[in-house]
Amino acid sequence: MKSTQVALNATTDTQIIFAEPLARDCLVHVLTSATIYVGPSGVTSSTGLKIDNAAGPIAITVPSNETLYAIAATGTPTVSVLVPGD
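Keep in mind that what you see is a predicted model, and the values were worked out from it rather than measured.

**Examining the sheet that holds strand β1 (residues 2–7)**
Across a sheet, paired strands are connected by hydrogen bonds in the backbone, their directions being either parallel or antiparallel. Taken together, the four strands give an open sheet; going across it, the order is β1-β8-β3-β6, and neighbouring strands pair in antiparallel fashion. The two strands at the open ends of the sheet, each matched to only one other strand, are β1 and β6 (58–62). Each strand of the sheet is rotated relative to its neighbour by a mean of 25°, with strand direction disregarded.

**Digging into the confidence of the model for the protein chain**
Across the protein chain, the average pLDDT comes to 95, with 99% of residues at or above 70. Here strand β5 (residues 49–52) is the element of the protein chain with the lowest mean pLDDT, 95, and strand β7 (residues 68–72) is the one with the highest, 98.

**Digging into the side chain of R24**
Relative to the helices and strands, R24 is located in strand β3 (residues 24–30). Although R24 is buried, it forms no salt bridge, and the closest oppositely charged side chain is E20 at an N-O distance of 5.2 Å. Reaching out from R24, the side chain makes a polar contact with the backbone oxygen of F18 at a distance of 3.0 Å.

**Observations regarding the nonpolar core**
One recurring pattern in soluble globular proteins is that nonpolar side chains are buried together. In terms of nonpolar packing, the biggest core is built from 19 residues, with L8, I16, I17, V28, I36, V38 and V79 touching the most fellow members. Every element with two or more residues in this core is listed here: β2 (14–17), β3, β4 (35–39), β6, β7 and β8 (78–83). Every residue in contact with L8, bar those within four places of it in the chain, is listed here: T14, I16, I36, A70, I71, A72, G75, T76, P77 and V79.

**Considering the sheet that holds β5**
Spatial strand order, β2-β7-β4-β5: four strands in an open sheet with antiparallel pairing. Single-partner strands in this sheet number two, and they are β2 and β5. In this sheet, adjacent strand axes meet at a mean angle of 40° when their direction is disregarded.

**Topic: the environment of A10**
Within the fold, A10 resides in the loop between β1 and β2. For the pair A10 and A73, spaced 63 residues apart in sequence, the C-alpha separation works out to 5.6 Å. Sequence-distant contacts of A10, that is, excluding residues within four places in its chain, are made with I71, A72, A73, T74 and G75.

**Some remarks on the pairing of β7**
Of all five residues in β7, five are buried; the element is thus mostly enclosed. Both faces of β7 are covered, namely the face carrying L68, A70 and A72 and the face carrying Y69 and I71. As paired strands, β4 and β7 are joined by four bridges and run antiparallel to one another. Of the residues in β7, the one forming a bridge with V38 is A70.

What counts as what
Residues numbered from 1 in each chain as written. Predicted model: local features only at pLDDT ≥ 70, side-chain atom pairs only at ≥ 80, totals over all residues. Heavy atoms only, no water. Pairing = 2+ DSSP bridges. Helix = DSSP H or I, 4+ residues; strand = E, 2+ residues; numbered from the N terminus. Axes fitted to C-alpha atoms, helices over the stretch in contact; angles between N-to-C directions. pLDDT = per-residue confidence, 0-100. Buried < 20%, exposed > 50% of the residue type's maximum accessible area, 1.4 Å probe, protein only. Lys, Arg positive; Asp, Glu negative; His and termini not counted. Salt bridge = Lys/Arg side-chain N within 4 Å of Asp/Glu carboxyl O. Polar contact = N/O pair within 3.5 Å; in protein donor to acceptor, adjacent residues only side chain to side chain. Core = buried A, V, L, I, M, F, W, Y, C linked by side-chain atoms within 4.5 Å. Contact = heavy atoms within 4.5 Å.

Given below as structure tokens:
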């Protein structure tokens, strides 16, 4: 498993899970009291899946050769990401 923490902002989407040749079951958790939105490149609060800190870690299956991006609703929250791999 690999884990990382990523700082987000409300202006630019940030890649939080990188493309790999195989599908992966990943965990995403908002570490600060904030709301984020996840989705493909260009994700916005109108197009993304809403995740907030109260939800706890969220399991997301990322298909092969796909990436996952996130953007904050406001502020600069930090997300923790856990993905399979070495």
